[in-house]
Amino acid sequence: MDQLILLSLVALGLPLLVFLLVIFNQRALADRAHLIALPAMAFSSALACYVAWIKVRTPGLLAIEWSADWIRFGNVPGLGPLVIRHSILLDNMTAILLVVVTGVSLLVHVFSIGYMRKDTRYARYFAFLGLFTFAMLGVVLAGNLFQLYMFWELVGFSSYSLIAHWYERHGPQYASKKAFIVNRIGDAFFFIGILLLFSEFRTFEFREIFGYIEQGLPLSFSMLGLAPETTLTIAGLLIFCGAVAKSAQFPLHVWLPDAMEGPTPVSALIHAATMVAAGVYLMARLFPILTGNAMLIVALTGAFTSVLAATIAITQRDIKRVLAYSTVSQLGLMIMSIGSGAVAAGFFHLVTHAVFKACLFLGAGSVIHAMHRALHDLHDHETDAQDIHNMGGLFRRMPVTGWTYLVATLAITGLPLTAGFLSKDEILAGSMAYGGLQQGIALAIPWIGLAVTLLTALYMWRQVFLVFFGNPARPAVQEKIRESPYVMTVPLVALAVFCVWFWFGRNPLSAEHGWFLSKWVKTPASVVPPQTAPPFRPAGYVPPPQEFASQPFGAAITPPQEGAHVWELPPMPHQVALERARVANTGMAEGAALGSALAGFLFAFVLFVWRPSWSASLRRAFRPFYNASQRGWYLDAIYDFIVVDTVMLTARVTAWFDRRILDGFVNLAARATVLLAHITGWFDKYVIDGIVTLTGATVQFLGLMARSVQTGRVQTYLAWVVAAVVVALVVLRFALFHS
Amino acid sequence: MPLFDIFFYLFAAAIVASAAVVCFSRNIVHAAFSLLFTFFGIAGIYVLLAADFLAISQVLIYVGGILVLIVFGVMLTNRVTNIDLRSALKSRIPALVICLALLCLLGSFLVEGHWMKFDQMPWSRSPWNKDAIEQATHAVQGTPREILDHQGSQGTAMALGTLLLTDYLLPFELVSVVLLVALIGAAMIARKETFLLAKHNRPEGSR
Amino acid sequence: MNYIPVGLTHFLVLSAVLLVLGIFTMLTRRNAIAVLMGIELILNAANINFVAFTRYGAINLGGQAIALFVIVMAACEAAVALAIVLNLFKRQGSINVRQADQLRD
């Protein structure tokens, strides 16, 4: 086994060890749980850094794979040998995510020591943080779909447990159930997609699936009699359903804002930086099998989600809900980027977003913590500690939190010198290239991207102005606010440091030649058949001879050779075209993005600092839109109406049916049984017992008679014997002899 | 009337008469002595049936052994008060009826019955009876008288002895064991009872 | 009435008479020793049968052998029975079999 695989397995196992150690010793550990969790996470993080450093520094090392047989089904008749494996796939994407997951997790652990202090379930909290980290690393390291799915569900479960950390309250209960159920919906489709691929290729391994599809689709690869190409599209979209649920894409995004009921560090780790990025990671991993149609649908879904969430985020009052919708919006951008073929850009944004969104969430946690303390000191239990309209002017009271929040805001709005600027530009450039080549409805995608950039700047600066600047809404509260302790500010600073451009490339204005995009992560080559790829080709592209192009269809497929690397395939023609168009569009994208970000900043400045009354009049003028936006465009209500009410109505009808009809039958049967029991009881008492009594009496009577015979005298007995012999002889004499 | 028949009727009359005395006599001592004549008569019958060894055995064992035993028993237990131990007439009538019925039935069987040869028995064809049939058919043919005639006047003693130590060895041994057991048992019963009685009759206060 | 020479049937009838007399003795006598005598009569009746069949049948000397065994068994029986009778006499002072009715209990 490769040394790197071994080390990454150790990094994977440590959080599980923490979970097991802590969950079974909750009482004993109590307030000291972090003494176990923190060193383990630090070690795991260090290992991940080492693995990633070696991995990305070794040129030509595309992917390290390791697998061990898990379930051997033997030689299944009609299918051939069937084996499910444990497998680990370690490429640059995995290595970088290892660092991100363990790093953010470590910082969140540190932050939680301060934030969760004196919590009643402190140990349980750290245990589930460990479980989550384990599951997330498992998702990242998984080398086949089945393993990925298992860790995927485990991620969902630990998210559920952490949202429900304060399960005494109604809100977390409801939110955790909602998150779990909504995720289940997506996961069901995801699993169908996995099984659809498995039913044809008899394997879950990424490498083998890609290899099979690269060789051409067999004719039997079809669902419900559809053509193989359509089935491939459907398989891709079914797997995308899993990403839709996990990464909170429309229409399954509704769980994420409610998940903010959990502790804020959990929101930072799970619902901003890592878990919700799992869907993006999944799509980046499975990008090679996405067909042109699937890509278009993915891109449109991401774009729509992104603009929808951004419009909702503008009007939210809760500091965490703003960030939650912001997360949905940014995830939409990443999905959009992957759909439009710029996988590397989307992944880049995933990494940078993980950093600055974690920073923002932890900053919000710091603010909420401070607000709670202040309100507690004032004995004020009415005021909502998370409402941004109750804050204001906190910058001076909390300088470290304020500065880091500012840096992260600069990053998310995409201003130069930040990492967010680089990644957002790449996404916009990619979407411009895709829209320009694909034409049709895809033309809207870059415009949506720009609109989202503007809206992002608007809602983020609105939040910053309302929270940190301007006049304090509650001067009494503001007076009491103090900076958070070091365990909370140190992670903020660390994350803020990673928000700058330097970590991803030398040039602060373009990531094009930075090491992240030019060396570390490349868009994987698509393996779909040429007919199903997006229709555009690079200029001067000469299609191969017809017979060659049509050859893979329906041809017998041989299993991919052992060690044949689908990771080294050259990009397909449409990818080349996209790449060229993207490079050409980079400058324009940068300008447009910067312009819209500045415009958003100006809007926010005007509305919330320079002329606050304008925002009020705007709100009055567009009252219906404002209300709708604040309630998430009534999607929750619609879901309640369509899904929840329908289910409840069905339940009520079946309950009525159950109670009235089925119970009626049961009661009738019971009554009939009782009646029958009475009849049989009577029969038993008077007839059966009568017979028994009669038998007994008869026997007693006969016994009395026979008793007189028993004299105890041997001679009498002998007389009976002789008499019996006489009788027998009489019978013999007269019955047998003369017959 | 041949001499054989005369002797038969003579012995038969003696037997029946003495047995009747045994049966109906009031005096137990009379009964015991008439039993002597019965046994002698039966020995005579054996002689008539060419069973010379058996006749001798009858005289020796029955007359010399059993009868003496009975007489001792009578003498040991007899008292003047219980000379008449006969049951009342009321209880004798059912016994009489039963015995007469039995006698009539047996007599009718014997007089009217047809005797079959062994290999004509209805069960003779059954497979498990094969050995018995074979033994019977291959046995030395002829009645004891013919055998006696054939052997001169050597008597049956030798043939019977051979038979006892060959074909009837197992019953012979069993009988000898039973005899031993009975002798020891009889001795034990007599002794044990006196022992127990002695124990039982101890004075009350001596415990 | 023509004369019937003495044959098997005569011996068997004699045996039957002896048997019935023995049974009657057993049934009616109250003296235990008389009952014992009845038993001896019955055994002798059986012996006559055996020997007669030996004489007139085709069963070799087997009948005589059996009769010999019966005589031996009778000796055993007499010994044991007399021992019992003596015990009975010692226990209840008489040998009236009507008094020996413990079997009822």
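Just above, that's the structure.
Keep in mind the model is a prediction, meaning the values are calculated, not measured. (Residues numbered from 1 in each chain as written. Chains lettered and ligands numbered in written order. Predicted model: local features only at pLDDT ≥ 70, side-chain atom pairs only at ≥ 80, totals over all residues. Heavy atoms only, no water.)

Colleague: I tried to follow the overall build of chain A on my own but got confused; where do I start?
Modeller: A tally of helices and strands in chain A yields 27 helices and two strands. Classification of the 739 residues of chain A by burial places 54% in the buried group. In the structure as shown, chain A presents an accessible area of about 32000 Å², 68% of it carried by carbon and sulfur atoms. (Helix = DSSP H or I, 4+ residues; strand = E, 2+ residues; numbered from the N terminus. Buried < 20%, exposed > 50% of the residue type's maximum accessible area, 1.4 Å probe, protein only. Areas by Shrake-Rupley, 256 points an atom, 1.4 Å probe, with all protein chains shown as cover.)

Colleague: Whenever I open this one, helix H23 (residues 573-610) of chain A confuses me. Can you help?
Modeller: For an α-helix, 3.6 residues make a turn, and residues three or four places apart therefore share a direction. Look at H23(A): 52 Å from first C-alpha to last across 38 residues, which is about the 56 Å you get at 1.5 Å a residue. The sharpest bend along H23(A) measures roughly 50 degrees and falls at A:Asn585. (Expected span 1.5 Å × (residues − 1). Bend = angle between axes of the 7 residues up to and from the residue.)

Colleague: Sorry if this is basic, but what is going on with the pattern of salt bridges here?
Modeller: Side-chain pairing between opposite charges can occur once the charged atoms of the two side chains come close. With the rule as written, the count across this model stands at 16 salt bridges over all chains. In the salt-bridge network here, residues are joined through shared partners; they are A:Asp69, A:Arg72, A:Arg85, A:Glu205 and A:Glu208. (Salt bridge = Lys/Arg side-chain N within 4 Å of Asp/Glu carboxyl O.)

Colleague: Mind showing me how you'd approach the interface of chain A and chain B here?
Modeller: Contact residues are listed per partner, giving ten residues for chain A and eight residues for chain B. Counting each side, the surface lost to burial between chain A and chain B is near 770 Å², with a carbon and sulfur contribution of 85%. Together, A:Val726, A:Leu729 and A:Arg733 form the three largest contributors to the area buried by chain A at its contact with chain B, with a combined 61%. Our enumeration of links across chain A and chain B arrives at zero salt bridges. The residue makeup of the side of chain A that touches chain B, split by class, is nine nonpolar, no polar and one charged. (Contact = heavy atoms within 4.5 Å. Buried area = accessible area lost by both parts, 1.4 Å probe. Nonpolar A, V, L, I, M, F, W, Y, C, P; charged D, E, K, R; others polar.)

Colleague: Before we go on, may I ask you to explain the interface of chain B and chain C in this structure?
Modeller: It is common to give the size of an interface as the accessible area that goes away when the parts come together. Counting residues at the interface gives 80 residues for chain B, matched by 70 residues for chain C. Between chain B and chain C, the buried area comes to about 7000 Å², and carbon and sulfur atoms account for 78% of it. Counting across the interface, chain B meets chain C through zero salt bridges. Our count for the contact surface shared by chain B and chain C stands at nine residue pairs in polar contact (both at pLDDT 80 or more). Of all the elements in the fold, those that place two or more residues in the side of chain B that touches chain C are helix H1 (3-24), helix H2 (28-48), helix H3 (52-77), helix H4 (89-112), helix H6 (144-150), helix H7 (157-165) and helix H8 (169-200) of chain B. A per-element tally of the side of chain B that touches chain C places H3(B) first, with 13 residues. Grouping the amino acids of the side of chain B that touches chain C by side-chain chemistry returns 62 nonpolar, eleven polar and seven charged. (Polar contact = N/O pair within 3.5 Å; in protein donor to acceptor, adjacent residues only side chain to side chain.)

Colleague: Mind showing me how you'd approach the packing of aromatic side chains here?
Modeller: Given two aromatic rings, their pairing is described by the distance between the two centres and the angle made by the two planes. Residue and element names in this part refer to chain A. Within this structure, the stated rule accounts for 36 aromatic pairs over all chains. When the centroid spacing of 5.1 Å and the interplanar angle of 25 degrees are considered together, the rings of Phe395 and Phe469 count as stacked. Here the residue Phe395 occupies a position in the loop between helix H15 (343-377) and helix H16 (399-413), and Phe469 occupies one in the loop between helix H18 (444-468) and helix H19 (475-480), the gap between them amounting to 74 residues. The class of Phe395 is buried, set by a relative accessible area of 16%. Using a relative accessible area of 30% as the deciding quantity, one classes Phe469 as partly exposed. (Phe/Tyr/Trp six-rings, centres within 6.5 Å; stacked < 30°, edge-to-face > 60°.)

Colleague: Please explain helix H2 (residues 32-56) of chain C as it appears in this structure.
Modeller: In this model H2(C) runs 37 Å from its N-terminal to its C-terminal C-alpha over 25 residues, within 8% of the 36 Å that 1.5 Å per residue would give. The N-cap of H2(C), judged by a side-chain oxygen 2.9 Å from the amide nitrogen of C:Ile33 a few residues on, is C:Asn31.

Colleague: Got a minute to help me understand the packing of H7(B) against helix H3 (residues 62-92) of chain C in this structure?
Modeller: Any two packed helices are characterised by the angle at which their axes cross and by the distance between the axes. Relative orientation of the contacting elements H7(B) and H3(C) amounts to 75 degrees, with a least axis distance of 10 Å. When the axes of H7(B) and H3(C) are compared, the pair comes out roughly perpendicular. Listed contacts from H3(C) to B:Leu160, B:Leu163 and B:Leu164 of H7(B) are C:Gly62, C:Gln64, C:Ala65, C:Leu68 and C:Phe69. (Axes fitted to C-alpha atoms, helices over the stretch in contact; angles between N-to-C directions. Parallel < 35°, antiparallel > 145°, perpendicular 65-115°, else oblique.)

Colleague: Even after reading the chapter, I still don't get the environment of A:Val18, so can you show me in this structure?
Modeller: Residues and elements named next belong to chain A. Within the secondary structure, Val18 sits in helix H1 (residues 3-23). Given the relative accessible area of 4%, Val18 is considered buried. Taking the C-alpha atoms as reference points, Val18 and Leu131, 113 residues apart in sequence, are found 7.9 Å from one another. For Val18, the residues in contact, after removing those within four places along its chain, are Ile36, Ala37 and Ala40.

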